[in-house]
Amino acid sequence: MKRFLKLMVLTCLLASVVSMTGCAYGMATSVGKDYVVVLRQDGFLFGALRKAYVCKATTSGLTGCRNDESP
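Worth saying up front: this structure is predicted, and the values here are computed from it rather than measured. (Residues numbered from 1 in each chain as written. Predicted model: local features only at pLDDT ≥ 70, side-chain atom pairs only at ≥ 80, totals over all residues. Heavy atoms only, no water.)

### Points about the overall build of the protein
So the rule is basically this: A helix here means a DSSP run of H or I that spans at least four residues, while a strand means a run of E at least two residues long, and both kinds are numbered starting from the N terminus. Burial status follows relative accessibility: with a 1.4 Å probe on protein chains alone, a residue under 20% of its type maximum counts as buried, one over 50% as exposed, and anything between as partly exposed. Contact between two residues is taken to exist if any of their heavy atoms lie within 4.5 Å; hydrogens are not considered. Residue burial considers only the protein chains on display, and all accessible areas are found by Shrake-Rupley using a 1.4 Å probe.
What the protein contains, in helices and strands, is 1 helix and 4 strands. Walking the protein from its N terminus toward its C terminus, one meets helices and strands in the order α-β-β-β-β. By residue count, 13% of the 71 residues in the protein fall in the buried class. Long-range pairs, those at least 24 residues apart, make up 8% of the contacts in the protein with a sequence separation of at least 6. When the accessible surface of the protein is split by element, carbon and sulfur atoms take 66% of a total near 5,900 Å².

Printed below as a string of structure tokens:
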């Protein structure tokens with residue numbers, strides 16, 4: 001029984017660590033006629049690594065995404 005309890009605690013701990021390190025993309029906003037700003041949200045350190053990407057919107061999707069310029 002103790003071994004099962006240790007295994008369950010370890011599994012829950014691992015699941016919580018894995019879920020906190022992922023990231024998601026969302027909140028796309030158009031800027032001008034050709035460009036879109038896409039925000040990247042992450043769960044690591046309560047969003048310490050958030051970034052904004054500026055991409056060119058074309059008919060085939062987003063191209064030329066850059067994160068080094070200010071939106």
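From this point, the discussion proceeds with the structure in view.
### Quick notes on the pairing of strand β4 (residues 61-66)
Selection criterion: Strand pairing is assigned whenever DSSP detects at least two bridges linking the two strands.
Pairing geometry for strand β3 (residues 51-58) and β4, over 4 bridges, is antiparallel. Directly across from Thr58, in β4, lies its bridge partner Gly61. Where β3 hands over to β4, the hairpin turn is made up of 2 residues, counted between the paired strands.

### Examining the state of the cysteines
Definition in use: Cysteine sulfur atoms are paired as a disulfide whenever they come within 2.5 Å of each other.
Tallied over the full model, the rule gives 1 disulfide. Here Cys55 is linked by a disulfide to Cys65, with a sulfur-sulfur distance of 2.1 Å. Across the disulfide from Cys55 to Cys65, rotation about the S-S bond amounts to roughly 115°, and the bridge is consequently right-handed. With Cys55 in strand β3 and Cys65 in strand β4, this residue pair connects regions lying 10 residues apart in the sequence. Cys65 sits in the partly exposed class, given a relative accessible area of 42%.

### Points about the environment of Arg66
The topology assignment puts Arg66 in strand β4. Taking the relative accessible area as the measure of exposure, Arg66 reaches 32% and is therefore partly exposed. Considering only alpha carbons, one finds Arg66 and Cys55, 11 residues apart in sequence, at a separation of 6.4 Å. In this structure, Arg66 is in contact with Tyr35, Ala52, Tyr53 and Val54, ignoring residues within four places of it in sequence.

No statement about biological role is implied by the geometric values presented.
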